[in-house]
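Each chain, written out:
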Amino acid sequence: MKLTVVGCSGSFPSAESACSSYLVEADGFRLLLDMGNGALGELQRHIGLYDLDAIFLSHLHADHCIDMCGYFVARYYRHEGGRCAALPVYAPDGAEQRLTTAYADTPSDTSMSEVFDFHALKSGSFDLGPFHVRTEKVCHPVEAYGIRIEHGGKSITYSGDTGVCDELDVLADGTDLFLCEASFTYGKEDIPGLHLNGREAGAHAARAGARRLVLTHIPPWTDGERNLADARAVYDGPSELARAGAVYEV
């Protein structure tokens, strides 16, 4: 599998990165994990605008899904070849209504579903293209899911947004690459059930026996290097900060 970091900034784009968006590829199949602020433009640095095969939206906060509105325009009003076929979108229940409201002036209440084939997420497993996928509901103020993607005996786990929760340990158990959010600073913010800090992300990776940890979703006001040091204090495997444009082969 190939993982490309399209965007990794938390809450809002930084000067260096768009918000959450990660491209996973294998056997010619392209799955996008989230499409936050600025991600649609950055995605076109890596693949063609119409080359995606499926999208996973971890939750419906703007920094993880709002560029779906721009992508709706690209797919609905495409000038060459007519309107695009409906693309599978796996998202929490209510995604279609949420995006329709955010767009504010779609041609009809069902226009989104003409180019996006919405599937409501729940905890469980299913096959998607060449991937075996497992999703678990994680701890966040809105309905949110982490995802584990397996292919060829390897796995990538993406936390989405979450506080400390057992479900994340289950998803990341023995994973080859653990893409884990670390929005908060250890000893500074302490809001249960919202986000992880670097130390908590490292502890999750250690408990799960993850083989590699990549910290992501770090807001521009948070010191990523401090979060990385806090993670390394409790996790002794390879670890680093996500960077826009970084590519990982798993």
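Use the structure listed above.
Because the structure is a prediction, the values reported are computed rather than measured.

About the cut-offs
Residues numbered from 1 in each chain as written. Predicted model: local features only at pLDDT ≥ 70, side-chain atom pairs only at ≥ 80, totals over all residues. Heavy atoms only, no water. 1 Å grid on protein atoms, 1.4 Å probe; cavity = no way out; pocket = protein on both sides within 12 Å on 5 of 7 lines; lining within 4 Å. Points joined across faces, edges and corners; volume = space filled by probe spheres on them. Helix = DSSP H or I, 4+ residues; strand = E, 2+ residues; numbered from the N terminus. Nonpolar A, V, L, I, M, F, W, Y, C, P; charged D, E, K, R; others polar. Buried < 20%, exposed > 50% of the residue type's maximum accessible area, 1.4 Å probe, protein only. Pairing = 2+ DSSP bridges. Phe/Tyr/Trp six-rings, centres within 6.5 Å; stacked < 30°, edge-to-face > 60°. Lys NZ or Arg CZ within 6 Å of the ring centre and 35° of its normal. Polar contact = N/O pair within 3.5 Å; in protein donor to acceptor, adjacent residues only side chain to side chain. Contact = heavy atoms within 4.5 Å. Axes fitted to C-alpha atoms, helices over the stretch in contact; angles between N-to-C directions. Right-handed = clockwise from strand over helix to strand, strands pointing away.

1. As for the layout of surface pockets
So, step 1. Taken as a whole, the largest pocket encloses approximately 330 Å³ of empty space.
So, step 2. Residue lining of the largest pocket: 19 residues in total, with Cys 8, Ser 14, Ile 218, Ala 242 and Arg 243 positioned closest to the centre.
So, step 3. Counting residues per element, the ones that place at least two in the lining of the largest pocket are strand 12 (213–216) and helix 8 (224–232).
So, step 4. Here the lining of the largest pocket is built from residues that sort into 8 nonpolar, 7 polar and 4 charged.

2. Details of the pairing of strand 5 (residues 87–91)
So, step 1. Burial analysis of strand 5 places 4 of its 5 residues in the buried class, which makes it a mostly covered element.
So, step 2. Both strand 4 (residues 54–56) and strand 5 contribute to a ladder of 2 bridges, which runs parallel. Residue pairing in the sheet places Phe 56 in a bridge with Tyr 90 of strand 5.
So, step 3. For strand 5 and strand 6 (residues 116–120), the ladder comprises 5 bridges, and the chain directions are parallel. Counterpart to Leu 87 in the pairing with strand 6 is Phe 116.

3. Some words on the packing of aromatic side chains
So, step 1. A complete count under the given rule lists 10 aromatic pairs for this structure.
So, step 2. Here the aromatic rings of Tyr 76 and Tyr 77 are separated by 4.9 Å at their centres, their planes lie at 70°, and the arrangement is edge-to-face.
So, step 3. Here Tyr 76 falls in the buried class, since its relative accessible area comes to 10%.
So, step 4. Over the face of the ring belonging to Tyr 186 we find Arg 199, whose NZ or CZ atom lies 5.1 Å from the ring centre.

4. Here we look at the side chain of Ser 58
So, step 1. With respect to the helices and strands, Ser 58 occurs in the loop between strand 4 and helix 2 (62–65).
So, step 2. Here His 59 takes part through its side chain, which lies 3.0 Å from a polar atom of the side chain of Ser 58.
So, step 3. When near neighbours in sequence (up to four residues on either side) are disregarded, Ser 58 contacts Asp 34, His 64, Pro 92, Glu 143, Ala 144, Tyr 145, Tyr 158 and Gly 160.

5. Quick notes on the sheet that holds strand 13 (residues 239–241)
So, step 1. Pairing within the open sheet is mixed, and its 7 strands lie in the order 7-8-9-10-11-12-13. The open sheet has two edge strands with one neighbour each: strand 7 (124–128) and strand 13. Pairwise comparison of adjacent strand axes, ignoring direction, gives a mean angle of 20° for this sheet.
So, step 2. Across 3 bridges, strand 10 (residues 154–158) lies against strand 11 (residues 177–181) in parallel orientation. Residue pairing across strands places Tyr 158 opposite Leu 179, the latter belonging to strand 11.
So, step 3. Against the sheet, helix 7 (residues 198–208) engages strand 11 and strand 12, with an angle of about 150° to strand 11.
So, step 4. Across the sheet, helix 8 lies against strand 12 and strand 13, angled at about 165° from strand 13, the strand it touches most.

6. Remarks on the environment of Gln 97
So, step 1. Secondary-structure assignment places Gln 97 in helix 4 (residues 95–103).
So, step 2. You can call Gln 97 exposed: its relative accessible area is 60%.
So, step 3. Sequence-wise, Gln 97 and Asp 67 are 30 residues apart; in three dimensions their C-alpha atoms are separated by 15 Å.

7. Considering the sheet that holds strand 14 (residues 247–249)
So, step 1. Spatial ordering of the open sheet is given by 6-5-4-3-2-1-14, a layout of 7 strands whose pairing is mixed. Of all the strands in the sheet, just strand 6 and strand 14 have a single pairing partner and so form its edges. In this sheet, adjacent strand axes meet at a mean angle of 20° when their direction is disregarded.
So, step 2. Strands strand 4, strand 5 and strand 6 of the sheet are contacted by helix 3 (residues 68–76), whose axis makes an angle of about 140° with strand 6.

8. Concerning the pairing of strand 11
Residues in a regular strand point their side chains to alternate faces of the sheet.
So, step 1. Of all the 5 residues making up strand 11, 5 are buried; the element is thus mostly covered by neighbouring parts of the structure.
So, step 2. Residues of strand 11 alternate between two faces, with Leu 177, Leu 179 and Glu 181 on one and Phe 178 and Cys 180 on the opposite face, all of them buried.
So, step 3. Crossover connection from strand 10 via helix 6 (residues 166–172) to parallel strand 11: handedness right-handed.
So, step 4. Strand direction decides the pairing type here: strand 11 and strand 12, joined by 4 bridges, are parallel. Note that in strand 12 the partner of Phe 178 across the bridge is Leu 213.
So, step 5. Handedness of the crossover is the feature at issue here: the chain leaves strand 11, passes through helix 7, returns alongside strand 12, and the resulting connection is right-handed.

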